[in-house]
Amino acid sequence: MQNPFQNAMSQLDKVANIKNFGEEFIARLRHPDRDIRISIPVKMDNGQLKIFEGYRVEYNNVLGPYKGGIRYHQDTEINEVKALAFWMALKCAVAGIPMGGGKGGITVNPRELSKGELERLSRGWIQKLSDILGPMKDVPAPDVNTTPEIMDWMADEFEKITGDKTRAVITGKPLGKGGSEGRGTATAQGGFFVFESLKKDINLPEKCKVAVQGFGNAGSYAALIWKKAGHNVVTVSDSKGGIYNPDGLDIEKLMEYKKTTGSLSGFPESKEITNEEVLQTECDLLIPAAFENQITAENADKIKAKAILELANGPITPEADEILFKKGVSVIPDILANSGGVTVSYFEWDQNLKNEHWSEKEVFDKLQPILDDSAKKILVKSKESNTDLRRGAFILALERIQEKM
Ligand code: NAD
């Protein structure tokens, strides 16, 4: 797999080539403030001790406490976490929230652990890192394969160690345990607000034919939200493959089906297709919502979508970006498209510290204008520099960080 951190740095270089931010500033951004690797010993159910490798990268806290999710995946490694932490720093700047960039992870396939083992592992991550975490220092959140329940265990462990009862140390907690209304759907909902804000400018039709890669937190809610808004979601996929129906999939039924069967395959009135075919579907909008490096120099030329909205982080490599730009495919970049997640995380932190609880309507009423404003500013930046939206987003973020620095 391509090194995601090298990809992130090559995105930074591309921006430095078209806008002069000064060498020292760019050099500073090429390095995280610190990257931490930890070992987490866990007593497994069979009585044996197993050691897991975990990470926390604190990239930059110029704008506020480090902020970023924790990923549990068998392929998670330090370069991936560093790239994700770098993008978080830019994402918080794009959203204009007072948070810096961080990210964490553990190399583990959580499906191979019992619930008790998973809880001991999650508490172990906090035990090793409690010194550097805190509402005013570093505030983690969920990412791939981490859930509100895991966030709850972590907040509880932090409280036991430090006595801090605000629960503002971590976001994405369950409702009733310090979680915010709207956090579960925030990433997809935010992506939709950004899409609404830019769709005319990037020449998308009123009603779009949509393809979604990934059917987890980000992807399944995206499919549902676009469908409910009257768009035609023709294909979705998960790690095992995709399903397709040219007349549109019933996403509510599909979510139920996936919950009961654990799979998308066999869903009535759909045909099974491969993940590659999902990406290459003839459509107006493609929404990658799984992992990094999905659209590369190898398959970018085969993309038939008119526009791509990156709900996943880093799904398009820098080489693929160039190919898509030449083909005239508009790419709405991750640091804008999925910034609804971290923005509502920030709202959760804010509510915890003020001891408030906002309704879902209040949450989305606050989110929409923030994302609309960022999207419009990024469009202007990209036009001013005659470049794509990704570079436009980087320019906005870097200007905001540089100003504060
Ligand atoms: P998740 O674990 O809930 O879902 C991931 C989904 O991707 C699963 O459905 C999985 O089956 C699927 N998948 C894995 N490999 C695949 C493949 N090769 N092809 C198709 N599908 C595949 O994770 P998530 O929280 O939805 O995160 C997905 C992406 O969105 C990640 O890049 C994450 O960093 C990004 N993101 C998530 C949030 C959030 O709030 N959840 C916020 C910002 C960004």
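Residues numbered from 1 in each chain as written. Predicted model: local features only at pLDDT ≥ 70, side-chain atom pairs only at ≥ 80, totals over all residues. Heavy atoms only, no water.

> So what's going on with the nonpolar core? Residues and values would help.
Core analysis: the largest hydrophobic core is formed by 88 residues, its most contacted members being W226 and V236. By residue number, the principal contributor to this core is helix 3 (residues 78–95), which donates 13 residues. For this core, the two domains that each supply at least three residues are domain 1 (32–168) and domain 2 (186–337). When neighbours within four sequence positions are excluded, V236 is seen to be in contact with V212, F215, A223, G241, G242, I243, L249, I251, L254, L264 and V278. (Core = buried A, V, L, I, M, F, W, Y, C linked by side-chain atoms within 4.5 Å. Buried < 20%, exposed > 50% of the residue type's maximum accessible area, 1.4 Å probe, protein only. Helix = DSSP H or I, 4+ residues; strand = E, 2+ residues; numbered from the N terminus. Domains from an automatic or database assignment. Contact = heavy atoms within 4.5 Å.)

> Give a description of the side chain of T343 that names residues and reports values.
With respect to the secondary-structure elements, T343 resides in helix 12 (residues 339–354). On the basis of relative accessibility, which here comes to 0%, the residue T343 falls in the buried class. In contact with T343, not counting residues within four places along its chain, are A95, I97, L367 and I370.

> Give me the pairing of strand 6 (residues 209–213): which residues, what numbers.
Buried residues dominate strand 6, accounting for four of its five residues. With five bridges joining them, strand 6 and strand 7 (residues 232–238) adopt parallel strand pairing. Paired with V210 across the strands is V233, a residue of strand 7. The β-α-β motif built from strand 6, the intervening helix 7 (residues 217–228) and the parallel element strand 7 has right-handed crossover chirality. Of the pairings in the sheet, the one linking strand 6 to strand 10 (residues 285–288) comprises four bridges and is parallel in character. Note that in strand 10 the partner of Q213 across the bridge is P288. (Pairing = 2+ DSSP bridges. Right-handed = clockwise from strand over helix to strand, strands pointing away.)

> An account of the site of the ligand is requested, with residue identities and associated values reported.
Taken together, 23 residues lie near the ligand, and D143, T187, N217, A218 and N313 sit nearest. A distance of 2.8 Å separates an oxygen atom of the ligand from a polar side-chain atom of N313. Notes on the ligand: free accessible area 830 Å², of which the protein chains cover 85%. Among the elements of the structure, helix 7 and strand 7 are those that each provide at least two residues to the shell around the ligand. Class assignment of the residues belonging to the shell around the ligand gives a composition of eight nonpolar, eleven polar and four charged. Composition of the shell around the ligand by domain shows at least three residues from each of domain 1 (32–168) and domain 2 (186–337). (Near = heavy atom within 4 Å. Polar contact = N/O pair within 3.5 Å; in protein donor to acceptor, adjacent residues only side chain to side chain. Areas by Shrake-Rupley, 256 points an atom, 1.4 Å probe, with all protein chains shown as cover. Nonpolar A, V, L, I, M, F, W, Y, C, P; charged D, E, K, R; others polar.)

> Provide a residue-level description of the domain arrangement of the protein, including the pertinent values.
Domain parsing of the protein yields domain 1 (32–168) and domain 2 (186–337). The straight-line distance from the C-alpha centre of domain 1 to that of domain 2 is 28 Å. Listed by partner, the interface residues are eleven residues for domain 1 and eight residues for domain 2. When the two sides are added together, the surface that domain 1 and domain 2 hide from each other amounts to roughly 790 Å², 63% of it contributed by carbon and sulfur. At the boundary of domain 1 and domain 2, one finds one salt bridge. Salt-bridge contacts for E292 lead to R71; the nearest nitrogen and oxygen are separated by 2.7 Å. Remark: the boundary between domain 1 and domain 2 carries two residue pairs in polar contact (both at pLDDT 80 or more). Among the secondary structure elements, those contributing two or more residues to the side of domain 1 that touches domain 2 are strand 3 (66–73) and helix 3. Top element by residues in the side of domain 1 that touches domain 2 is helix 3. It accounts for six residues. Its residues placed into classes, the side of domain 1 that touches domain 2 shows five nonpolar, one polar and five charged. (Buried area = accessible area lost by both parts, 1.4 Å probe. Salt bridge = Lys/Arg side-chain N within 4 Å of Asp/Glu carboxyl O.)

> Would you mind going over the sheet that holds strand 5 (residues 138–142) in detail, with residue names and values included?
Backbone hydrogen bonds are what pair the strands of a sheet, in a parallel or an antiparallel way. Spatially, the five strands line up as an open sheet ordered 1-2-4-3-5, and their pairing is mixed. Taken across any chain shown, the strands that pair with only one partner, and hence form the sheet edges, are strand 1 (34–43) and strand 5. Strand-to-strand, the axes of this sheet are offset by a mean angle of 25 degrees, without reference to chain direction. Bridge count for strand 1 against strand 2 (residues 49–60) is ten bridges, and the pairing is antiparallel. (Axes fitted to C-alpha atoms, helices over the stretch in contact; angles between N-to-C directions.)

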